[in-house]
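Listed below are the residues making up each chain.
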Amino acid sequence: MASDEPKAKKPKLSEEEEEKKEKKEKKTESPTKETPAKLSPNSLFGMGNPLLDISAVVDKDFLDKYSLKPNDQILAEDKHKALFAELVKKFKVEYHAGGATQNSIKIAQWMIQEPHNIGTFFGCIGKDKFGEILKKKAEEAHIDAHYYEQEEEPTGSCAACITGDNRSLVANLAAANCYKKEKHLDLEENWKLVEKAKVYYIAGFFLTVSLESILKVAKHASENNKLFCLNLSAPFICQFFKDNLMQVMPYVDVLFGNETEAGTFADEQDFETKDIKEIAKKAQALPKVNTKRQRIVVLTQGKDETVIAQSDKVDTYPVLTIDPKDIVDTNGAGDAFVGGFLSELVQEKSLDKCVKAAHYAANVIIRRAGCTFPEKPDFN
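Counting restarts for each chain: residues are numbered from 1 in the order of the written sequence. Where totals are concerned, whole chains, interfaces and linings use all residues; where local detail is concerned, this predicted model gives features only for residues with pLDDT of at least 70, and gives and counts side-chain atom pairs only at 80 or more. With hydrogens and water excluded, all non-hydrogen atoms of the structure serve as input to the side-chain values.

1. Some thoughts on the confidence of the model for the protein
On average, the protein scores 89 in pLDDT, and the residues at 70 or more come to 90%. The low-confidence segment residues 1-12, where pLDDT is below 50, has zero contacts with residues more than four positions distant or belonging to other chains. Confidence of the predictor at the level of single residues is captured by pLDDT, which takes values from 0 to 100. In what follows, a contact means two residues having at least one pair of non-hydrogen atoms within 4.5 Å. This model gives residues 20-37 a pLDDT under 50, and the stretch forms twelve contacts once residues within four places in sequence are excluded.

2. Thoughts on the state of the cysteines
Any pair of cysteine sulfurs within 2.5 Å is marked as a disulfide. Evaluated as defined, the whole model comprises zero disulfides. Sulfur of Cys124: no disulfide; nearest cysteine sulfur belongs to Cys178 and is 5.2 Å away. You can see Cys161 has no disulfide; the closest cysteine sulfur is in Cys158, sitting 8.7 Å from it.

3. Section: the nonpolar core
Side chains of a nonpolar character, in soluble globular proteins, are inclined to be buried together. Take the buried residues of types Ala, Val, Leu, Ile, Met, Phe, Trp, Tyr and Cys, join any two whose side-chain atoms come within 4.5 Å, and each joined set is a nonpolar core. Buried means the residue's accessible area, taken with a 1.4 Å probe over protein chains only, is under 20% of the maximum for its type, while exposed means over 50%, and partly exposed covers the values in between. The biggest cluster of nonpolar side chains holds 55 residues, and the ones touching the most others in it are Leu87, Phe256, Phe341, Leu342 and Leu345. Once you skip the residues sitting within four places of it in the chain, Leu342 turns out to touch Leu44, Ala108, Val199, Tyr201 and Cys229. Formed by 49 residues, the second largest nonpolar core is a distinct cluster that contains Ala197, Ala218, Phe271 and Ala280.

4. What to know about the sheet that holds strand S13 (residues 304-310)
Strand pairs in the sheet, formed through backbone hydrogen bonds, run parallel or antiparallel to each other. Strands are treated as partners if at least two bridges between them are detected by DSSP. The helix and strand labels rest on DSSP assignments: H or I over at least four residues marks a helix, E over at least two residues marks a strand, and numbering proceeds from the N terminus. Taken in spatial order, the nine strands line up as S6-S5-S1-S9-S10-S11-S12-S13-S14 in an open sheet, and their pairing is mixed. One side of each edge strand has no neighbouring strand; the edge strands of this open sheet are strand S6 (144-150) and strand S14 (313-317). Each strand of the sheet is rotated relative to its neighbour by a mean of 20°, with strand direction disregarded. Pairing between strand S12 (residues 296-301) and S13: five bridges, direction antiparallel. Each bridged residue has a counterpart across the sheet, and for Ile296 the counterpart in S13 is Gln310. Here the axes come from fitting lines to C-alpha atoms, over the contacting stretch only for helices, and the angles between their N-to-C directions go from 0 to 180 degrees. Strands in contact with helix H5 (residues 129-140) are strand S5 (119-126) and S6; relative to S6, the strand with the most contacts, it is inclined by about 170°.

5. Here's the deal with the sheet that holds strand S3 (residues 72-75)
Strand order in the open sheet formed by five strands is S3-S8-S7-S2-S4, with mixed pairing between adjacent strands. The open sheet has two edge strands with one neighbour each: S3 and strand S4 (94-98). Averaged over all adjacent pairs, the angle separating strand axes in this sheet is 20°, with direction ignored. Two strands pair when backbone bridges link them, and strand S2 (residues 51-57) and strand S7 (residues 157-163) are joined in this way by six bridges, in the parallel orientation.

6. Things to note about the packing of aromatic side chains
Note on aromatic contacts: the rings of Phe and Tyr and the six-membered ring of Trp form a pair at centre separations within 6.5 Å, being stacked when their planes are under 30 degrees apart, edge-to-face when over 60 apart, and tilted otherwise. Tallying each qualifying case throughout the model produces 16 aromatic pairs. Plain terms: the ring middles of Phe205 and Phe236 are 6.4 Å apart, the flat faces sit at 35° to each other, and that makes the pair tilted. One end of the pair, Phe205, is in the loop between strand S9 (199-203) and helix H8 (211-223); the other, Phe236, is in helix H9 (residues 235-240), with 31 residues separating them in the sequence. Phe236 sits in the partly exposed class, given a relative accessible area of 35%. Among the aromatic residues, those joined into a cluster by ring pairs are Trp110, Tyr360, Phe373 and Phe379.

7. Here's the deal with H8
In this model H8 runs 18 Å from its N-terminal to its C-terminal C-alpha over 13 residues, within 8% of the 18 Å that 1.5 Å per residue would give. Those residues of H8 not exposed but buried are Leu211, Ser213, Ile214, Leu215, Val217, Ala218, His220, Ala221 and Ser222. Following H8 by one or two positions, Asn225 has its phi on the positive side, about 55°. By this rule the span expected of a helix is its residue count minus one, scaled by 1.5 Å.

Structure representation (structure tokens):
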């Protein structure tokens, strides 16, 4: 049917302009591989303990001075207070934005590449030099970090003291322990960022810091049928913070953990089984508030297959094989696994694709020192 509008009003485009117009239309019609249609900034939300990772190659004398074992993970005590400043002063150091949840958000962004700032991150830091470096490093990783800044405690840090193939990790949580719901999460501009997200992830470590913040986010996710993910994180969380953990559990849509954490969780919950598949099944069946979504339980076992329980079935997924001599550092493997998983989950991909991405990310990270990665992933 001919238009009533006079033709003269529509200027004729040159061939070149027609071509440009066509290309532009194509671009808006079909999203490119790099920028999936569903992805917009702040789609993924993480809240946890931000730590500035400080790594350096040290000597045996340095380890001895602070009574450190060559391959260990400990929390800083009073005798370790001077260690961080001395590490920076004496050795050539590298800085990275760290802490379990922030690592996973960072990996998810790396897997996605574009657009930037897919992940929002909340946590507490100090108003100090380490805090400034951490802000810069988070920005470089394209994370939209909104830290609660306070002056009582210094920014949390994790020293990675490297000797040969070994890494001795000393974490000083400091400011990370000081997060306050009413001073940060409840602020209107911050809560708006929470509301923008469709997938939420919090590592169990944060249960020791601000249970009320986790519950506020978890309830929001549940009431709005969004995905809330939690990690068991460590055996001591399942044991000594069991009450906090079980207050959050009814809101958990995706539960992550490794075989050691799962074993402790099963003991504490009186599951009366050591079988990883049975544990996954029983954890999956725990009471849940949002009945529109079935809980998914994802349990990793290092080099052994990953176990996933959903509805009434348990599936296993073999991990990618790797020559033991190519393994440099397994410390970031768990965070990387979750980051890979979240990168597909936030794009509403299938569970199979989520696990595939998780295995890929973990495989890349264990070939490198610390939770670091090449410029671009080789995953599709």
